[in-house]
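Tertiary structure, described
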2 protein chains.
Amino acid sequence: AGTSRQREWAHHGSSMFADLTPKEMMAVRDYLWSCKELGLSSPRNKDLKKNNILLMELYLPRKHEALRALDRGHAKPPRQARVVVQFGNQAQPNITEYVVGPLPFPNSHQIMVFKGNRPIKFESRPMSLAEYEHIQNILEKITQKAHKVLLESTGFTFRNCTDRCLTFSDIAPRGLASGERRTWIMLQKFVEGYFIHPVGFEVLINHRDLDPEKWTVEKVWYNGQYFDSVEELVDRYDKDELIKLKLPEHDEQDLFSTYIPRGHSNTPTNIHGPKLVEPQGHRYRIDGNFVEYSGWSFAYRVRSSAGLQIFDLRFNGERIAYEISLQEAIAFYSGHTPAAMQTKYIDAGWAMGTVDFELAPGIDCPEIATYVDLYHYYDTDKPVRYKNALCIFEMTTGMPLRRHFNSNFNGSYNFYGGLENHVLVIRTTSTVYNYDYIWDFYFYQNGVVESRVSATGYIHATFFTPEGIHYGSKVYSYVLGNLHTHLIHYKVDLDIGGRENSFETMNLKYENLTNPWSPSHIIQQSRLVRTQHTTERNAAFRFGKKFPRYVHFYNPNQTNKWGHNKGYRIQFNSHANSVLPRGWMEEKGITWSRYPLAVTRHKDSEATSTTIYTQNDPWEPVVSFEDFIRNNENIDLVAWVTVGFLHVPHSEDIPNTATPGNAVGFFLRPFNFFDEDPSLTSRSTVIVRPGEDGKPKVQRWTPEVIGHCVSDKPFFYNGTYSSI
Amino acid sequence: AGTSRQREWAHHGSSMFADLTPKEMMAVRDYLWSCKELGLSSPRNKDLKKNNILLMELYLPRKHEALRALDRGHAKPPRQARVVVQFGNQAQPNITEYVVGPLPFPNSHQIMVFKGNRPIKFESRPMSLAEYEHIQNILEKITQKAHKVLLESTGFTFRNCTDRCLTFSDIAPRGLASGERRTWIMLQKFVEGYFIHPVGFEVLINHRDLDPEKWTVEKVWYNGQYFDSVEELVDRYDKDELIKLKLPEHDEQDLFSTYIPRGHSNTPTNIHGPKLVEPQGHRYRIDGNFVEYSGWSFAYRVRSSAGLQIFDLRFNGERIAYEISLQEAIAFYSGHTPAAMQTKYIDAGWAMGTVDFELAPGIDCPEIATYVDLYHYYDTDKPVRYKNALCIFEMTTGMPLRRHFNSNFNGSYNFYGGLENHVLVIRTTSTVYNYDYIWDFYFYQNGVVESRVSATGYIHATFFTPEGIHYGSKVYSYVLGNLHTHLIHYKVDLDIGGRENSFETMNLKYENLTNPWSPSHIIQQSRLVRTQHTTERNAAFRFGKKFPRYVHFYNPNQTNKWGHNKGYRIQFNSHANSVLPRGWMEEKGITWSRYPLAVTRHKDSEATSTTIYTQNDPWEPVVSFEDFIRNNENIDLVAWVTVGFLHVPHSEDIPNTATPGNAVGFFLRPFNFFDEDPSLTSRSTVIVRPGEDGKPKVQRWTPEVIGHCVSDKPFFYNGTYSSI
Ligand SMILES: [Ca+2]
Ligand SMILES: [Ca+2]
Ligand SMILES: [Ca+2]
Ligand SMILES: [Ca+2]
Ligand SMILES: [Cu+2]
Ligand SMILES: [Cu+2]
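Residues numbered from 1 in each chain as written. Chains lettered and ligands numbered in written order. Predicted model: local features only at pLDDT ≥ 70, side-chain atom pairs only at ≥ 80, totals over all residues. Heavy atoms only, no water.

Summing up its helical and strand segments, chain A has seven helices and 37 strands in all. Projected onto its principal axes, the C-alpha coordinates of chain A cover approximately 95 × 65 × 65 Å. For chain A, buried positions account for 67% of its 724 residues. Expressed as a percentage of contacts within chain A between residues at least 6 apart in sequence, the contacts between residues at least 24 apart total 66%. Surface accessibility of chain A: about 23400 Å² in total, with carbon and sulfur atoms responsible for 49%. (Helix = DSSP H or I, 4+ residues; strand = E, 2+ residues; numbered from the N terminus. Buried < 20%, exposed > 50% of the residue type's maximum accessible area, 1.4 Å probe, protein only. Contact = heavy atoms within 4.5 Å. Areas by Shrake-Rupley, 256 points an atom, 1.4 Å probe, with all protein chains shown as cover.)

A covalent bond between the sulfur atoms of two cysteines is what we call a disulfide. Residues and elements named next belong to chain A. Here the structure, examined in full by the defined rule, presents five disulfides over all chains. Across a sulfur-sulfur distance of 1.9 Å, C161 and C165 are joined as a disulfide pair. Looking along the S-S bond of the C161-C165 disulfide, the torsion reads about 90°, which is the right-handed sense. Each of the two residues, C161 as well as C165, counts as buried. Each sulfur in the disulfide pair C365 and C391 lies 2.1 Å from the other. Across the S-S bond of C365 and C391 the torsion is about -85°, and the bridge reads as left-handed. (Disulfide = S-S within 2.5 Å.)

Each copy of the sequence occupies a distinct position, and chain B is placed on chain A by a rotation of 180° and an axial shift of 0.0 Å, giving an RMSD of 0.0 Å. Both copies of the chain, as the preceding transformation shows, are related through a two-fold rotation axis. Across chain B, the rotation axis passes nearest the C-alpha of L276 of chain B, at a separation of 2.4 Å. (Least-squares fit on C-alpha atoms with pLDDT ≥ 70 in both.)

All names here are of chain B. In contact at an axis separation of 7 Å, helix α1 (residues 4–13) and helix α3 (residues 63–72) are set at 145° when each is read in the N-to-C sense. On α3, the residues that touch W9, A10 and G13 of α1 are A69, L70, D71 and R72. By residue class, the composition of the contact of α1 with α3 is four nonpolar, one polar and two charged. (Axes fitted to C-alpha atoms, helices over the stretch in contact; angles between N-to-C directions. Nonpolar A, V, L, I, M, F, W, Y, C, P; charged D, E, K, R; others polar.)

We now examine the packing of aromatic side chains. In this description, an aromatic ring pair is defined by two values, namely the gap between the centres and the angle between the planes. Residues and elements named next belong to chain A. This model, assessed by the stated rule, comprises 82 aromatic pairs over all chains. Measuring from centroid to centroid gives 4.7 Å for W296 and F315, while their planes differ by 85°, and the two rings are edge-to-face. Taken as a pair, W296 in strand β14 (residues 296–303) and F315 in strand β15 (residues 307–315) lie far apart in primary sequence, 19 residues in all. For the pair W296 and F315, one class covers both residues: buried. Between F503 and F541, the ring centres sit 6.1 Å apart and the planes meet at 75°, which makes this aromatic pair edge-to-face. Of this pair, F503 sits in strand β27 (residues 502–514) while F541 sits in strand β29 (residues 540–541), and the two are 38 residues apart along the sequence. Exposure class is identical for F503 and F541. Each is buried. (Phe/Tyr/Trp six-rings, centres within 6.5 Å; stacked < 30°, edge-to-face > 60°.)

Residues and elements named next belong to chain A. Of the protein atoms, only D493 (OD), L494 (O), D495 (OD), D636 (OD) and L637 (O) coordinate the calcium ion (ligand 2), at distances of 2.2 to 2.3 Å. Counting gaps between the donor residues of the calcium ion (ligand 2) yields the pattern D-L-D-x140-D-L. Of this pair, D495 sits in the loop between β26 (484–494) and β27 while L637 is found in strand β33 (residues 637–647), placing the two residues 142 residues apart along the sequence. The pair D495 / L637 is uniform in exposure class, with both members buried. (Donors = N, O, S within 2.8 Å, 3.2 Å for Na, K, Ca; no water.)

Residue and element names in this part refer to chain A. Around the calcium ion (ligand 1), the donor atoms from the protein are E536 (OE), E536 (OE), F628 (O), N631 (OD1), E633 (OE) and E633 (OE), and they sit 2.3 to 3.2 Å away. Viewed at the metal, the six donor atoms of the calcium ion (ligand 1) are separated by angles of 41 to 168°, and the geometry they form is irregular. All donors to the calcium ion (ligand 1) come from one chain, and their sequence spacing reads E-x91-F-x2-N-x1-E. Here E536, found in the loop between β28 (522–532) and β29, pairs with N631, found in the loop between β32 (597–601) and β33; they are 95 residues apart in sequence, far enough to count as distant. Take E536: its relative accessible area is 0%, and that puts it in the buried class. (Tetrahedral: all angles 85-135°; square planar, octahedral: opposite > 155°, others 65-115°.)

In this section: the environment of P104 of chain B. Within the secondary structure, P104 of chain B sits in the loop between β3 (94–101) and β4 (108–112). Through-space distance from the C-alpha of P104 of chain B to that of L508 of chain B is 55 Å; in sequence the pair is 404 residues apart.

A separate point is the interface of chain B and chain A. Contacts between the two partners involve 221 residues from chain B, matched on the other side by 221 residues from chain A. The contact between chain B and chain A buries some 18600 Å² in all, and 59% of this surface belongs to carbon and sulfur atoms. Looking only at chain B, the three residues that lose the most surface to chain A are Y259, H272 and W517 of chain B, adding up to 5% of its buried area. Where chain B touches chain A, the interface holds 10 salt bridges. Its salt-bridge partner being D436 of chain A, residue R403 of chain B comes within 2.9 Å of it at the nearest N-O pair. In this structure, the connection of chain B to chain A is made through 116 residue pairs in polar contact (both at pLDDT 80 or more). Ranked by the residues each element gives to the side of chain B that touches chain A, the list is headed by strand β19 (residues 384–407) of chain B, at 19 residues. Partitioning the side of chain B that touches chain A into residue classes produces 103 nonpolar, 82 polar and 36 charged. (Buried area = accessible area lost by both parts, 1.4 Å probe. Salt bridge = Lys/Arg side-chain N within 4 Å of Asp/Glu carboxyl O. Polar contact = N/O pair within 3.5 Å; in protein donor to acceptor, adjacent residues only side chain to side chain.)

Moving on: the pattern of salt bridges. Residues and elements named next belong to chain B. Considering all chains together, one arrives at 112 salt bridges over all chains under this definition. For K244, the salt bridge identified is with D240, shortest N-O distance 3.3 Å. Judged by its relative accessible area of 52%, D240 falls in the exposed class. A salt bridge links E626 to R594; the shortest N-O distance between them is 2.8 Å. You can see E626 sitting in the loop between β32 (597–601) and β33 (637–647) and its partner R594 sitting in the loop between β31 (565–573) and β32, a full 32 residues away along the chain. Assessed through its relative accessible area of 6%, E626 is described here as buried. For R594, a relative accessible area of 11% puts it in the buried group.

Moving on: α3 of chain B. All names here are of chain B. Taken as a whole, α3 has its buried residues at K63, A66, L67, A69 and L70. One side of α3 carries all its buried residues, which in axial view fall inside an arc of 160°. Those residues of α3 that are buried lie in contact with α1, β15 (307–315), β16 (318–333) and β26 (484–494). Looking one or two residues beyond α3, the residue adopting positive phi is G73, at roughly 75°. (Arc of directions from axis to C-beta.)

Each pair of packed helices can be summarised by the angle the axes make with each other and by the distance between the axes. All names here are of chain A. Interhelical geometry of helix α5 (residues 147–154) versus helix α6 (residues 230–238) gives an angle of 60° and a closest axis separation of 9 Å. Judged by the inter-axis angle, α5 sits oblique to α6. Contacts between α5 and α6 involve K148, V149, E152 and S153 from the first element and L233, V234, Y237 and D238 from the second. A breakdown of the residues in the contact of α5 with α6 according to their chemical character gives four nonpolar, one polar and three charged. (Parallel < 35°, antiparallel > 145°, perpendicular 65-115°, else oblique.)

Residues and elements named next belong to chain A. Cis rather than trans, the peptide bond between G101 and P102 has omega equal to -15°. With respect to the secondary-structure elements, P102 resides in the loop between β3 (94–101) and β4 (108–112). Backbone geometry places N316, a non-glycine residue, at a positive phi of 50°. Among the secondary structure elements, N316 is positioned in the loop between β15 and β16 (318–333).

As a further point, take the sheet that holds strand β9 (residues 216–222) of chain B. Residue and element names in this part refer to chain B. The five strands lie next to each other as β6-β7-β8-β9-β10, forming an open sheet whose pairing is antiparallel. This sheet does not close on itself; its edge strands, each paired only once, are β6 (166–170) and β10 (225–227). Averaged over neighbouring strand pairs, the angle between their axes works out to 25° when direction is ignored. Of the pairings in the sheet, the one linking strand β7 (residues 182–189) to strand β8 (residues 198–206) comprises six bridges and is antiparallel in character. Following the sheet pairing, T183 is matched in β8 by I205. Here helix α6 (residues 230–238) sits on the sheet in contact with β8, β9 and β10, set at roughly 35° to β9. (Pairing = 2+ DSSP bridges.)

A few words now on the side chain of S451 of chain A. Residue and element names in this part refer to chain A. Examined against the element boundaries, S451 turns out to sit in strand β22 (residues 449–457). Looking at S451, its side chain comes within polar contact range of the side chain of Y490, at 3.4 Å. With residues up to four places along the chain from it excluded, the contact list for S451 reads D440, F441, Y490, V664, G665 and F666.

Right, dumping it as structure tokens:
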């Protein structure tokens, strides 16, 4: 176990990674608002030609500074904020990022620049509430013109609609080239689960101009047909010069898109199913953003730009990773309507880190979980509290961590031993409009960490046309569930016992040997072949190529008791593949997606593989991961991991994609890091041996009776298997 | 939901798949013993030249007969037993399999033959207790001769050893060619966890002769050196003409191979961790071997030859699979000692189905599980009861099955909906000497079935020599954990809504389209490409080749509400690869291992892909899976699934391989089988909407309060995310 001083430094240092407090946010806001030369105003002002704060979050200390505090007890560097400012109110509008500090009393701001001084184009900014209001306005105008078309075709309208209203979903990216801002928008019935109620009407709006009065309609798509304007649609509709759509009469009784239970099964579900209890209380400790469980300790953070991060992950005081963090989630679609063909969601651009809405006890996390509120400052003039947005809990997996029955091969046994598998879970979610991603890290008692994302929520669906069948399944009389690929990117800054790490892959090779005890025979067996990957280019593995059997990170200067370099493996649980040909248009924004694994050398300036600007300008991104793998600066390795899966929707995705089978991720597994399984510290082990008197003798270190909620009876084991 | 008549037939028919009762076993035994011409005697007789029953288990009814009972309510075919008889007491010893019936009053026995009338060589039989006693005897003789060598080298001896005793593990296969029966045996310290205490002494014993007096020592391996006899070893040892081994003094305090807790972690584990409770009782029903849960119903069985099987799997009365069953588990090793190089464990030959020892409540399964005793008749003269050998339980995964937060994008929400993820688990284990496999089937509420095997127990380890480093990791001062590949084979007789099924694979292909709304641009997107696989050869996928993105089984005659063929997918969770070059010696016994997936046409005569005889004669197996894929008889498809993983042992495998990250398997997932997610029947759904008064309005169908063991407070959800 780590020394108490190590623990103290880790505990003390964890606050370096803590998200901004509401107080800090307000201080930063007030400071920047006081800088008159910035000319900031509230984002609540509907004018698009204004300067305002879009996003504010913790600016991470540089790694070597943080490590001085964590490893040597030095003073912590001052806290700083990263602030994204939109300058709309100037001749050449732009986005600028600032570092503001020191907190809690900021007095300076510095411009941050991207590699190569790439400017952040104003058109690449995420959508704001103000811009959506103008989108709403222009849609009202458009649908007013097309009122009759919509009413006759769908029975629904956009305005003055009482209980037969339309709503919309907007598609990204917004155009075909850098600097554009024109969006395909789909109309949908505004009912519970509107995402799966497209009505066959899509419109392309150019909203690049900061004067919404100058926004234009560039195309309309109605029932499989393209029009250059709403007027053309209406005119041809009136003249009967198009194929009219007539949706079936809307049926209020059709529960299709809702959660309302229907039908019956052969066992009761109107009583509560199995639940988790903690008979003797929590076995973990949380202090602020510092968590301890079993041998583990770590700090966590949920950044507004992209979500959950783990820092300074240690086991028994030894560092395993400096950072494990979610970078990006994308879903690239195929289809036949213009909205479907255009959809390439890159979710950091949808404020993926801020949409971590409330977790329901007993559903999203167990009732016994610890729930934590989070705060975001995004497209707002005040910090926003997200109640119970994060949960931490311990659970049983209903499975042993290890067990062995040592038979005596004659009806009895030498011993039985077992240890229940418990795991600590930290969880947030991101509801990116239709989809709900569940972000989990699991900390097992044996030194294994699992990162897992589960997909649920509504599918992104488009209006069904006959050609649609090549791009998914029909899931409702006029709805296509469009095929798409989910890819998730993680940064895994392993620091196996320190920053100096090496990376190797292991494969098997058949070898032919003369059988030493029967020389006329040949033995065929597999031999371990290790390959060192000493350059970044050499350590970037492409999708479609054979992936090594083991990928192994180790400390070349530290060995375990048996002389092996202390190491960890990454084990993938993924069905991912790339989504577009290399270098093709939007693929340039997601160059990380070329690699299930790429190992780079750490740089503070390569903090993230993506930005919140990629969604609206994937064509000329300000950060391109490909740039990270062009040099070989040091030996502080960072693994960048892409996982994901192909999703061809099917009827069972209605009403929602369900989590079973839709979870991918990776394991970090010790590989000769410890001298033996570190879960041997657990006092929850139970050992049974046949006693002198033949009766089983139970050796255990936990209370004999668990408690009346689980069982009043003491543990009993018989052990023998006998003739009857 | 299925009709009550369907349910009745399924329920009634389940007994066709029920394992033999002890009474039936005794009736079969008594009947066969009464057939004087068989000349059977008890296996407890130590003479190897005897005729006796080795194994007895249910003989499955032919499928079309069983289906008449299950689908039309016809009379069930008579129950029969499969009996394996060893005829050692005759000039040409052999093994014969009989079908004995009808039960419970058997009066006839018929010889079963394998394809091509292949005889079962006597040398291919599994080891019996009687044979092990003779092995013990010859080892005593051998070690008596080598007493001094062993004592000086290891401090341990085989006889008269009190607390410093040696034991042994025997390696298979037993030779290099069909008809041989000679076994490498490793000596180990007989301490808790002896599997990881090899002492550097291995001996090759030829025990083919049925007269144990004629058994011979063919080779000895000691501390890296080969000898032709024990005498040669002893002689050269005495003359100092070899490299002597001197193990470090045995340290009783060294807990290395034991389960005894040691060390400390930073949070308490001497209290009980989270446990499962059932606040309002079971939500599943078990009647004999018939199980119902949510929409599911199935029958189960645990055959002595290979373990857990599921039959007549239905959801809402519709059949999804006729049989899902474990076939085989193998572990093929590499190494540098003769035992290591020889180890190719093929576990059905080690009575994998009978070693399902007692499950410990709270460790192997939750305390709330239903525990079931199993009975086996194997190498015995009476049925043997395995207490609590199978468990069935419902658990929460601590995760939603589905959830969605429907934001209004302005601090509030339209609705929140969620359903906790509960799953029914059926579990057995197989402790095949050192290893403990945990066999699970998970039945999710949304029509998904997961099959999963988790590996735990002791690794198979050999004495460390310097060259060993190419075959694994050193895990103790003189112990190598040898690399090996685990492969598991399953039979998945999907009957999607009946026997007539089709099989297709789905892949993606990039397509270039002229952008219909901007003709100067090209759209690149993925299109679904479906390939029908209409022959067995065409539907056999090799390891090393690209595996299709989706593998889809469907009923060509049935569609769901939206016109799609009702279907299921198999989704793999596996890191498997083949273990030997195609056609190489022992590979001929495991030809199923060439294919992650092979789809054949059902034949009653192709009931299993392997036999209990393969372990001791993999070179000329009586069943070769490769034979199954040579023709295309009908359209009742059977999927044969191979999963597994490469295991390079590491220090954290001490004392045992742990389950996290060491689980592989597959999902059966509905793909347009239902009209919508069938878990919509669940009344455990919770929906929250903002009420008229602004307060959240909770809609639910389960009791508001779960109960004092979990929580006394009613469910509460706030829903808003608001500025502070
Ligand atoms: Ca670099
Ligand atoms: Ca690193
Ligand atoms: Ca065939
Ligand atoms: Ca079938
Ligand atoms: Cu999806
Ligand atoms: Cu293994």
